[in-house]
Amino acid sequence: MAKSGRHFLQIPGPTNVPDRVLRALSRPTIDHRGPEFAVLAKEVLHGLKEIFLTSSPVIIYPGSGTGAWEASLVNTLSPGDKVLMFETGHFATLWKDVATKMGLQVDWVTSDWRHGADPAVVYAKLADDRHQAIKAVCVVHNETSTGVVSRIAEVRKQIDAARHPALLLVDTISSLGSIEYRHDAWGVDVTVGCSQKGLMLPPGISFNAVSEKALAASKSATLPRAYWDWEPMLRDNKAGFFPYTPSTNILYGLREALIMLREEGLENVFARHERFGRATRAAAKAWGLDIVAVNPAEYSGVLTAVMMPEGRDADAFRQLVLERFDMSLGTGLGRLKGKIFRIGHLGDFNDLMLAGTLGGIEMGLKLADVPHKAGGVLAALESLASESLQSVS
Ligand SMILES: Cc1ncc(COP(=O)(O)O)c(C=O)c1O
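About the criteria used
- Residues numbered from 1 in each chain as written.
- Predicted model: local features only at pLDDT ≥ 70, side-chain atom pairs only at ≥ 80, totals over all residues.
- Heavy atoms only, no water.
- Helix = DSSP H or I, 4+ residues; strand = E, 2+ residues; numbered from the N terminus.
- Buried < 20%, exposed > 50% of the residue type's maximum accessible area, 1.4 Å probe, protein only.
- Contact = heavy atoms within 4.5 Å.
- Lys, Arg positive; Asp, Glu negative; His and termini not counted.
- Charge placed at Lys NZ, Arg CZ, Asp CG, Glu CD.
- Polar contact = N/O pair within 3.5 Å; in protein donor to acceptor, adjacent residues only side chain to side chain.
- Arc of directions from axis to C-beta.
- Near = heavy atom within 4 Å.
- Areas by Shrake-Rupley, 256 points an atom, 1.4 Å probe, with all protein chains shown as cover.
- Salt bridge = Lys/Arg side-chain N within 4 Å of Asp/Glu carboxyl O.
- Pairing = 2+ DSSP bridges.
- Axes fitted to C-alpha atoms, helices over the stretch in contact; angles between N-to-C directions.
- Core = buried A, V, L, I, M, F, W, Y, C linked by side-chain atoms within 4.5 Å.
- Parallel < 35°, antiparallel > 145°, perpendicular 65-115°, else oblique.
- Left-handed = near helix turned anticlockwise from the far one by under 90°.
- Nonpolar A, V, L, I, M, F, W, Y, C, P; charged D, E, K, R; others polar.

Caption draft 1: Geometry of the overall build of the protein chain. What the protein chain contains, in helices and strands, is 13 helices and 13 strands. The principal-axis extent of the C-alpha atoms belonging to the protein chain is close to 60 × 55 × 40 Å. Here the protein chain holds 393 residues, and 58% of them are scored as buried. Looking at the protein chain alone, contacts between residues at least 24 apart form 74% of all its contacts between residues at least 6 apart. Here the protein chain holds 42 positive side-chain charges and 43 negative ones, and the gap between their average locations is 1 Å.

Laid out in structure tokens, this is it:
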């Protein structure tokens, strides 16, 4: 069927790519070993530090987030090392699988997929680890499969309280450039990030922000590494180059996205996403539908995972919304398949896009005959209108 108007891409990443970024991406590809490229590379490598809130180097891989997960592990750890990981949801489980395949020994803290990593458990595990066998604590900041945020600053405090030397590795793939995150202030050793969510870029590049402590660990770590090796990257990046072919055009897009984030101001970006989260939760509450996150301190401003009433297939509902309103909502992943749908409200996104998104969902609930109460959109509009946009300049 021919469609008019724009598709609503309301999955929690990849997100809508702004026109400014699309135009930047369409520039002619240049010589990645020439002087023009070096200027571009230095600019984005430097600019990324503002997003991670770090003065440490940030590495850019031509690869998806899964590669940057692997990079964080193989550069810092050795075969058989013990790592502490938390089952916050589907993505934490996939990171654990990568660690296991790399030959690491994972202490896996299971959960109901409705809570973030528990800082008290971090303390208990590390305080108990008298021989300091645990070499790294790995946490997913925003668990994209559930819309639950782990409290990284508190995790850091508990590592310090236990006086334990473990590295802290954090996945910010769906929180970077959307949810408050501070690599330096929170003492994170490796932050794993990605292009296709808060940075408003297409998929294709991913990041490791690397602390001095992580860099020191990489000197003695012995897991095999080639493509993901930090050392040649950091060496060549100094002059604005890469040890292999970088994603030239995505770097044009990254330069533009960094300008956009700087224009808005990172603190304003964080506040904007929090507003979207509050308004979306107001809609879900008015519909009478539960969300996956249960602890208000762990609510996500990036996505809201909505539970379908018992016996209703969330994917059939998503299918109807796609066919009828040309809107993609996020599917349930892993054990939540068919049970939830996820509303992405991140990236290049504003109040009226959220109103349209929630309007499509409310009409879809009615058309699919899903038991719910009307008034979700109205509740969201009231939430948005009642909160003035306070801009920090
Ligand atoms: C939190 C999180 N971590 C890791 C990944 C994996 O990233 P990729 O699919 O780019 O490999 C995703 C993907 O959505 C994610 O949301």
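Caption draft 2: The arrangement of helix H8 (residues 230–237) in detail. Within H8, six of the eight residues are buried, leaving the element largely enclosed by the surrounding structure. Listed in full, the buried residues belonging to H8 are Trp 230, Pro 232, Met 233, Leu 234, Asp 236 and Asn 237. In this structure, the buried residues of H8 make contact with helix H2 (35–52), strand S2 (58–61), helix H3 (65–74), strand S9 (190–194), strand S10 (206–210) and helix H7 (212–220). Residue Asp 229 occupies the N-cap position of H8, its side-chain oxygen lying 3.2 Å from the main-chain nitrogen of Glu 231.

Caption draft 3: Broad picture of H7. Burial in H7 covers these residues: Ala 214, Ala 217 and Ser 218. All buried residues of H7 lie within an arc of 105° about the axis, which places them on one face of the element. Among the exposed residues of H7, those pointing more than 90 degrees away from its buried face are Glu 212, Lys 219 and Ser 220. For H7, the elements touching its buried residues are strand S8 (167–171), S9, S10 and H8.

Caption draft 4: Molecular detail of the site of the ligand. With respect to spatial proximity, 13 residues lie near the ligand, and among them Ser 64, Thr 66, Thr 144, Asp 171 and Lys 197 are the closest. A distance of 2.9 Å is found between an oxygen atom of the ligand and a backbone nitrogen or oxygen belonging to Gly 65. Measuring from an oxygen atom of the ligand, one finds a side-chain N or O atom of Gln 196 at 3.0 Å. Contact with the protein chains hides 86% of the accessible area of the ligand, taken as 390 Å² for the molecule alone. Of all the elements, H3 adds the most residues to the shell around the ligand, at three residues.

Caption draft 5: Expanded view of the pattern of salt bridges. All chains considered together, the criterion is met by 23 salt bridges. Linking Glu 154 and Arg 151 is a salt bridge whose minimum nitrogen-to-oxygen distance equals 3.3 Å. Residue classification places Glu 154 among the partly exposed positions, given a relative accessible area of 34%. A relative accessible area of 23% places Arg 151 in the partly exposed class. Among the ionic pairs, Glu 387 bridges to Arg 275, the shortest N-O distance being 4.0 Å. With Glu 387 in the segment after helix H13 (376–386) and Arg 275 in helix H10 (residues 266–287), this pair connects stretches of sequence that are 112 residues apart.

Caption draft 6: Quick peek at the pairing of strand S4 (residues 105–109). Pairing of strand S3 (residues 82–86) with S4 involves five bridges; the strand directions are parallel. What sits directly across from Met 85, in S4, is Trp 108.

Caption draft 7: Up close: the sheet that holds strand S1 (residues 8–10). Sheet architecture is open: four strands sit in the order S1-S12-S13-S11, paired in mixed fashion. Strands with a single pairing partner mark the edges of an open sheet, and in this sheet they are S1 and strand S11 (303–307). Strand after strand, the sheet turns through a mean of 30° between neighbouring axes, direction not considered. In this sheet, strand S12 (residues 327–331) lies alongside S1 in parallel orientation, the contact comprising three bridges. Residue pairing in the sheet places Leu 9 in a bridge with Ser 328 of S12.

Caption draft 8: Representation of the nonpolar core. With 67 residues, the main nonpolar core has Ile 60, Phe 207 and Leu 254 as its most contacted residues. Counting 27 residues, the second largest nonpolar core, distinct from the first, contains Met 308, Ala 314, Phe 349 and Leu 384.

Caption draft 9: Representation of the environment of Phe 325 in the model. Following the sequence through the fold, Phe 325 ends up in helix H11 (residues 314–325). Taking the C-alpha atoms as reference, Phe 325 lies 20 Å from Lys 373; in sequence the two are 48 residues apart. Setting aside residues up to four positions removed in sequence, Phe 325 forms contacts with Leu 320, Gly 360, Met 363, Gly 364 and Leu 367.

Caption draft 10: Layout of the packing of helix H5 (residues 119–128) against helix H6 (residues 152–161). Remark: H5 packs on H6, axes separated minimally by 8 Å, with the N-to-C direction vectors making an angle of 20°. Between H5 and H6, the crossing angle belongs to the class labelled roughly parallel. At the point where H5 passes H6, the crossing takes the right-handed sense. Residues Pro 119, Val 122, Tyr 123 and Leu 126 of H5 form the contact with H6, whose own contacting residues are Glu 154, Val 155, Gln 158, Ile 159 and Ala 161. In terms of residue class, the contact of H5 with H6 is built from seven nonpolar, one polar and one charged.

Caption draft 11: Spotlight on the sheet that holds S8. Read from one edge of the open sheet, seven strands run S2-S10-S9-S8-S5-S3-S4, paired in mixed fashion. Looking along the sheet, the strands with just one partner apiece sit at the ends: S2 and S4. Adjacent strand axes in the sheet meet at a mean angle of 20°, parallel and antiparallel pairs treated alike. Alignment of S9 against S10, held across five bridges, turns out to be antiparallel. Residue Cys 194 lies in a different strand from S10, and its bridge partner there is Ser 206.

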